[in-house]
Structure formats: structure tokens, C-alpha cells
Amino acid sequence: QVQLVESGGGLVQTGGSLRLSCAASGRIFSISVMGWYRQAPGKQRELVAAFTSSGRTNYADSVKGRFTISRDGAKNTVYLQMNSLKPEDTAVYYCNLGGIVLGSWGQGTQVTVSS
């Protein structure tokens, strides 16, 4: 079993910043494929940023230049630094380890950006 615990969400004003953390524990073989997704009310879950198996990073076009994903392999933790936040960034943010098909998901952390 893999456990993913997210933290760092909250309420912030437009233009503000937040840093999300996701700590993985349990039967972890690799954190090479790990990332962040989000789901706004009435919308499908979408990719925000993720590391691929080749070590590259993928970002949603809507967050490029504003969000940065990073990780600490020693701590099995992935981070999402979110700057210049906009109201349309409001969503529940989920951490994923191992891909969206067979991977594990965290419980989600709410990010709310007020205008």
C-alpha cells in the first residue's frame, strides 16, 4: 500500500502564492512518475504538472511560467510552487504517484483563490 499525504492548500488572494507538498510512504518503488492534478467543481480532473518516467516535466499550458514542480527523493516528497495565482486555479489539488491509470492518489487539498 502507498500513502500520499498532501498539505499546503488554503485560501489566497489573486496574485498570491502557495506551496503544496505531497509525501509518499509505504511500498514505494520509485517516485519517478509523480505529479499534481486538479479538479474544479463540475470539471474533469486535469494535469497540472508532473514528472515523467524519462525525468522530464509536463505542465498544463494554463500554469506554465507560474507553477513549478520539484521533488526531494530522499524524502519521497514532491512539491508544487504556485505563484501568480488566479481565481481559475481554484480547485482540489491531488497528488499522484505512478500514473493516472494504475497509480495512487492522495486525498486532495483545497486551493481557493479569491478575486
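Residues numbered from 1 in each chain as written. Predicted model: local features only at pLDDT ≥ 70, side-chain atom pairs only at ≥ 80, totals over all residues. Heavy atoms only, no water.

**A short note on the sheet that holds strand 8 (residues 77–82)**
Alright, step 1. In spatial order, the strands read 1-3-8-7; together these four strands make up an open sheet with antiparallel pairing. Pairing within the sheet leaves two strands with one partner each, and these edge strands are strand 1 (2–7) and strand 7 (67–72). Between one strand axis and the next, the sheet turns through 15 degrees on average, direction left out of account. (Pairing = 2+ DSSP bridges. Helix = DSSP H or I, 4+ residues; strand = E, 2+ residues; numbered from the N terminus. Axes fitted to C-alpha atoms, helices over the stretch in contact; angles between N-to-C directions.)

**Digging into the state of the cysteines**
Alright, step 1. If you walk through the whole model with that rule in mind, you get one disulfide.
Alright, step 2. With a sulfur-sulfur separation of 2.1 Å, Cys-22 is cross-linked through a disulfide to Cys-95. As the torsion about the S-S bond is roughly -85 degrees, the Cys-22-Cys-95 disulfide counts as left-handed. On the criterion of sequence distance, the pair formed by Cys-22 in strand 3 (residues 18–26) and Cys-95 in strand 9 (residues 91–97) is long-range, its members being 73 residues apart.
Alright, step 3. By relative accessible area, Cys-22 is classed as buried at 0%. (Disulfide = S-S within 2.5 Å. Buried < 20%, exposed > 50% of the residue type's maximum accessible area, 1.4 Å probe, protein only.)

**Some words on the environment of Thr-109**
Alright, step 1. Mapped onto the elements of the fold, Thr-109 is located in strand 11 (residues 109–114).
Alright, step 2. Remark: the alpha-carbon pair of Thr-109 and Cys-22, spanning 87 residues in sequence, is separated by 9.9 Å.
Alright, step 3. Thr-109 has contacts with Glu-6, Gly-9, Leu-20, Ala-91, Val-92 and Tyr-93, leaving out every residue within four places of it along the chain.
Alright, step 4. For Thr-109, the side chain forms a polar contact with the main-chain nitrogen of Gly-9, separated by 3.3 Å. (Contact = heavy atoms within 4.5 Å. Polar contact = N/O pair within 3.5 Å; in protein donor to acceptor, adjacent residues only side chain to side chain.)

**Observations regarding unusual backbone geometry**
Alright, step 1. Despite not being glycine, Asn-76 has its phi angle at roughly 50 degrees, a positive value.
Alright, step 2. Looking at where Asn-76 falls in the secondary structure, it is placed in the loop between strand 7 and strand 8.
Alright, step 3. A positive phi angle, close to 50 degrees, is found at Ser-84, a residue other than glycine.
Alright, step 4. Topologically, Ser-84 is positioned in the loop between strand 8 and strand 9.
Alright, step 5. Look at Ser-84 and you get partly exposed, because its relative accessible area is 41%.

The quantities given are spatial measurements derived from coordinates; they are silent on function.
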